[in-house]
Amino acid sequence: MSLLLNPQNYQSPQNDLLSKEIMEKTIHFFEDKGLKSIKEDDQASRWYTDFLKLIKKEQIFSTLLTPAGYGASDSRFDLFRVCEFNEISAFYSLSYQYAYQVSILGLGPIWMGDNEKAKHFTAQKLREGAIFAFGLSEKTHGADLYSNEMSLTLNGEASYLANGGKYYIGNANEAALVSTFAKYSENNDYVFFVVDSQHRNYKLNKKISTSGVRSAYVGDYELIDYPITKDEILSSGTLAWDSALSTINIGKFQLGFASIGICTHAYYEALNHASYRELYGKKVTDFPHIQKIFTESYARLIAMKLYALRSLDYFPLCFR
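Residues numbered from 1 in each chain as written. Predicted model: local features only at pLDDT ≥ 70, side-chain atom pairs only at ≥ 80, totals over all residues. Heavy atoms only, no water.

Counting its regular elements, the protein contains 10 helices and 10 strands. Its C-alpha atoms give the protein a radius of gyration of 21 Å, within 12% of the compact-globule value 20 Å for 320 residues. Its C-alpha atoms put the protein at 80 × 40 × 35 Å along the principal axes. Across the protein, the fraction of contacts at a sequence separation of at least 24, relative to all contacts at a separation of at least 6, is 71%. For the protein, the accessible surface area stands at approximately 15,300 Å², while carbon and sulfur atoms represent 53% of it. Treating the 33 positive side-chain charges of the protein as one cloud and the 36 negative ones as another, the clouds have centres 5 Å apart. (Helix = DSSP H or I, 4+ residues; strand = E, 2+ residues; numbered from the N terminus. Rg over C-alpha atoms; globule rule 2.2 N^0.38 Å. Contact = heavy atoms within 4.5 Å. Areas by Shrake-Rupley, 256 points an atom, 1.4 Å probe, with all protein chains shown as cover. Lys, Arg positive; Asp, Glu negative; His and termini not counted. Charge placed at Lys NZ, Arg CZ, Asp CG, Glu CD.)

Here you go:
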């Protein structure tokens, strides 16, 4: 079995049949769609409705991103298969991987929090094919948690009003739940709560232009007196702070596998292109210095993959 992803002869390293089927069906979806269509969607910044239909139909996000005990019997948050899907989706387009990536970030504070009702509600949304978002960064100071300006103000005995804006938030247009980091206005303590991107007090200001993820939606949103009850509060104090840091750790770790997918595709494209070019009566790939470059690139890719796979053994599985 080749260590690098080869869509024409792919064998998933997963042990169970369902995991293998998820990876194979995803590859078949993209291969049937074709590179030309994928590029057209990217250049037109076209929202990937067809990909999200696949996610819902095959219960991909629900299976991969629901911790054991909250979803179907075969659902679990297993980094080994979570990262494999990262590599496959990024191999075809960073936009598809991005929808997955920011959903993982949005789910982090939910699974790490202590609100059981919110967890079961989230599991149901995953079964319905929903995507999620992570409302942490703000326009004036990025992801500086200490400077967070989103506020949650007491409004009566058991409810709050959320006010403030978040910037550079993936899936901000259609996320079923947006995990939002804020501070209680009365004591400046940290809090995580969820909001619905379709709520009337959720104002989606605009899509932010980004290179590399043109089909994705990276948004700027604002909460204006958004009503929050204990059902929407995921965590407070130290747990909220720890959830923010741990979510970033586990969410960004997977970008290494996405990078491998991107680099593998680029390697194949370069090799294919060079093999059809001729200079001085010879194929470009027959030149010794070109062969050296491709050999070194292959070795680097293999090293990347081996390092990433080994690192899985040392990374804590936070959501089990």
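After that view, the rundown keeps rolling.
Before going further, it helps to spend a moment on the packing of helix 5 (residues 79–92) against helix 6 (residues 94–112). When two helices pack together, you describe them by how their axes are tilted relative to each other and by the distance separating the axes. The N-to-C vectors of helix 5 and helix 6 enclose an angle of 150°; their axes lie 7 Å apart at closest approach. Relative to helix 6, the element helix 5 lies roughly antiparallel. Here helix 5 contributes Val82, Phe85, Asn86, Ser89 and Ala90 to the contact with helix 6, which in turn contributes Leu94, Tyr96, Gln97, Tyr100, Gln101 and Ile104. Residues of the contact of helix 5 with helix 6, tallied by class, amount to seven nonpolar, four polar and no charged. (Axes fitted to C-alpha atoms, helices over the stretch in contact; angles between N-to-C directions. Parallel < 35°, antiparallel > 145°, perpendicular 65-115°, else oblique. Nonpolar A, V, L, I, M, F, W, Y, C, P; charged D, E, K, R; others polar.)

With that settled, consider the nonpolar core. Grouped together as the largest cluster of nonpolar side chains are 67 residues, with contacts concentrated most on Phe51, Phe61, Leu65 and Phe85. Core analysis: the next-biggest nonpolar cluster, separate from the first, contains 20 residues, Met150, Ala175, Tyr221 and Tyr226 among them. (Core = buried A, V, L, I, M, F, W, Y, C linked by side-chain atoms within 4.5 Å. Buried < 20%, exposed > 50% of the residue type's maximum accessible area, 1.4 Å probe, protein only.)

What follows deals with the packing of aromatic side chains. The tally for this structure, following the rule as stated, stands at 26 aromatic pairs. Taking the centre distance of 5.1 Å and the plane angle of 65° together, the rings of Phe51 and Tyr96 count as edge-to-face. Note that Phe51 is positioned in helix 3 (residues 49–57) and Tyr96 in helix 6, a separation of 45 residues in sequence. Accessibility assignment for this pair places Phe51 and Tyr96 in one class, buried. Feature note: the residues Phe29, Phe30, Trp47, Tyr48, Phe51, Phe91, Tyr92, Tyr96, Tyr267, Tyr268, Phe294 and Tyr298 constitute an aromatic cluster, connected by ring pairs. Seen from the ring of Phe287, Lys282 lies directly overhead, with NZ or CZ sitting 5.0 Å from the centre. (Phe/Tyr/Trp six-rings, centres within 6.5 Å; stacked < 30°, edge-to-face > 60°. Lys NZ or Arg CZ within 6 Å of the ring centre and 35° of its normal.)

Next up on the list: the side chain of Asp42. Here Asp42 lies in helix 2 (residues 35–43). Setting aside its immediate chain neighbours within four residues, Asp42 contacts Ser95, Arg214 and Ser215.

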